[in-house]
Structure formats: structure tokens, C-alpha cells
Amino acid sequence: MSKFTKAFVMMAVIAGSSTAVAQSTDEQDDDQPVAEAYSDIGLATGLKLYDRDKADTCVEGALQIRASIHNVSAEGILKLELFGEQDFLKRKGKLRRIRVPADESPQRICINLPMPGDYAVVGYHDKDGDRRLKKAWNFKPKEPYGLSNNPEIKSLRLPKFSEAGFFVPMEGADIDIHLVDLS
């Protein structure tokens, strides 16, 4: 196989792996009609938001992740997904998903946790609110995205849990995620 062919195959493998992160991870496909009504905030904003998408109420000292998301503008949807180390960035590894209307930066979103432990948060700013991450021809995100610990990913690969993971004690954790726009 030529070097070009090998590189193309490698990009396809990486892209296939990242599809689980980049596409919606609803139990139902987002293209299919959803049998539930939009939440009150979804109706008020005209965005496809459901009650299951809601963030938790922020409480200092509670067992939760209190994330401040930077580099967000007041358009579309802000989506966060919570992962543990097992099956990081895979559909079956997602512990929780939150979608809220995007607001001016920094935007604070809280996620209640079942127990202390190691977690990672992945998010993106869905500017047009279609519930899908736009990608370029080389599968790089065309909408702002970020991970906990704000790792700098220098090559076309998925980040590792060791780069994005952090420990959450009983009193919870405050984190900052700086979204990066590659477009």
C-alpha cells in the first residue's frame, strides 16, 4: 500500500471512531421523530431541547461537576457529555448528556454525579442548533469544541482519558472548559 493510501485509511479509522462523539448519542436517531414534547426552554427558544437534556441546579459543595464553558456565543445549543474512564468517547461509555441553549461566555453548567471518582467532560457549541457537530472533509470539527483539562490535541486523533480525566471528590469539582474553534 502506498503512503497516501495508508494515511487515508488511518484518517477513515479515526473518523469512524470519532463518529460516536461527533454525532448525537440519543437512544433514538435525531432524524427520526421524537415522541416527547420539547421542554419549556425548548419551546421558549425554538430549539430542539427536551426535559432529558436539562442541566442540574448548581449547588456549591454538592457532589457534582460545576463546569464553566468559555468561548461561547448566544446562539444555538451547548452540549456536554460526561464520561468515566471505561469506554471513554464511545457511545456506550457516555454517562450523561446535557443540551442547553448557548449563552454568553462563560456559561456555567452543572452535572450531578452518583459517586466521587474519575470523570471527563466533552462539549461542543452547536451554533445552528441542529443537534449535530459539523465536520470538515478531514473530520476536524467545524464548530467550537472542548474537553475537561483543555488538552491540546496536536494530531488527528481522539484524546485519551488521561488527558481529559480528573478526580471529583465528595464536595464536587469546579472546572473550566475553553472551546476551540478550528474553522
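The paragraphs below set out a description of the structure included in this document.

## Let's talk about the pairing of strand S8 (residues 173–178)
1) Next: On S8, burial follows the alternation: Ala173, Ile175 and Ile177 on one face are buried, whereas Asp174, Asp176 and His178 on the facing-out side are not.
2) Next: In this structure, strand S1 (residues 64–70) lies alongside S8, joined through six bridges in parallel fashion. Its bridge partner being in S8, Arg66 is matched across the sheet by Asp174.

## Thoughts on the side chain of His125
1) Next: Looking at where His125 falls in the secondary structure, it is placed in strand S5 (residues 117–126).
2) Next: Among the polar contacts listed, one links the side chain of His125 to the backbone oxygen of Glu75, at a separation of 2.6 Å.
3) Next: His125 has contacts with Val72, Ser73, Glu75, Ile77, Leu78, Ala102, Glu143, Pro144 and Leu179, leaving out every residue within four places of it along the chain.

## Brief notes about unusual backbone geometry
1) Next: With an omega of -10°, the peptide bond between Ser105 and Pro106 qualifies as cis.
2) Next: Residues other than glycine seldom take positive phi values, yet Leu89 does so here, at roughly 70°.
3) Next: Within the secondary structure layout, Leu89 lies in the loop between strand S2 (77–83) and strand S3 (94–101).
4) Next: Given a relative accessible area of 4%, Leu89 falls into the buried group.

## A few points about the packing of aromatic side chains
1) Next: Following the criterion strictly, the structure yields three aromatic pairs and no others.
2) Next: Between Phe83 and Phe88, the ring centres sit 5.7 Å apart and the planes meet at 85°, which makes this aromatic pair edge-to-face. Each member of the pair Phe83 and Phe88 is classed as buried.
3) Next: Here the aromatic residues Phe83, Phe88 and Phe161 are joined through ring pairs into a cluster of three or more.

## Remarks on the pattern of salt bridges
1) Next: The tally for this structure, following the rule as stated, stands at 13 salt bridges.
2) Next: Between Asp53 and Arg97 there is a salt bridge, with the nearest N and O atoms lying 3.9 Å from each other. Here the residue Asp53 occupies a position in the loop between helix H2 (40–45) and S1, and Arg97 occupies one in strand S3, the gap between them amounting to 44 residues. Arg97 carries the same exposure label as Asp53, and that label is buried.
3) Next: Shared partners join several salt bridges into a network, and the residues in it are Asp53, Arg97, Arg99 and Arg131.

## A look at the side chain of Gln64
1) Next: Along the chain, the position of Gln64 falls in strand S1.
2) Next: For Gln64, a relative accessible area of 0% translates into the label buried.
3) Next: Among the polar contacts made by the side chain of Gln64, one reaches the main-chain amide nitrogen of Val59 at a distance of 2.7 Å.
4) Next: Look past the residues within four positions of Gln64 in its chain and what remains in contact with it is Thr57, Cys58, Val59, Cys110, Ile111, Asn112, Leu113, Val168, Gly172 and Ala173.

Here is what the cut-offs are and how they apply
Residues numbered from 1 in each chain as written. Predicted model: local features only at pLDDT ≥ 70, side-chain atom pairs only at ≥ 80, totals over all residues. Heavy atoms only, no water. Buried < 20%, exposed > 50% of the residue type's maximum accessible area, 1.4 Å probe, protein only. Helix = DSSP H or I, 4+ residues; strand = E, 2+ residues; numbered from the N terminus. Pairing = 2+ DSSP bridges. Polar contact = N/O pair within 3.5 Å; in protein donor to acceptor, adjacent residues only side chain to side chain. Contact = heavy atoms within 4.5 Å. Phe/Tyr/Trp six-rings, centres within 6.5 Å; stacked < 30°, edge-to-face > 60°. Salt bridge = Lys/Arg side-chain N within 4 Å of Asp/Glu carboxyl O.

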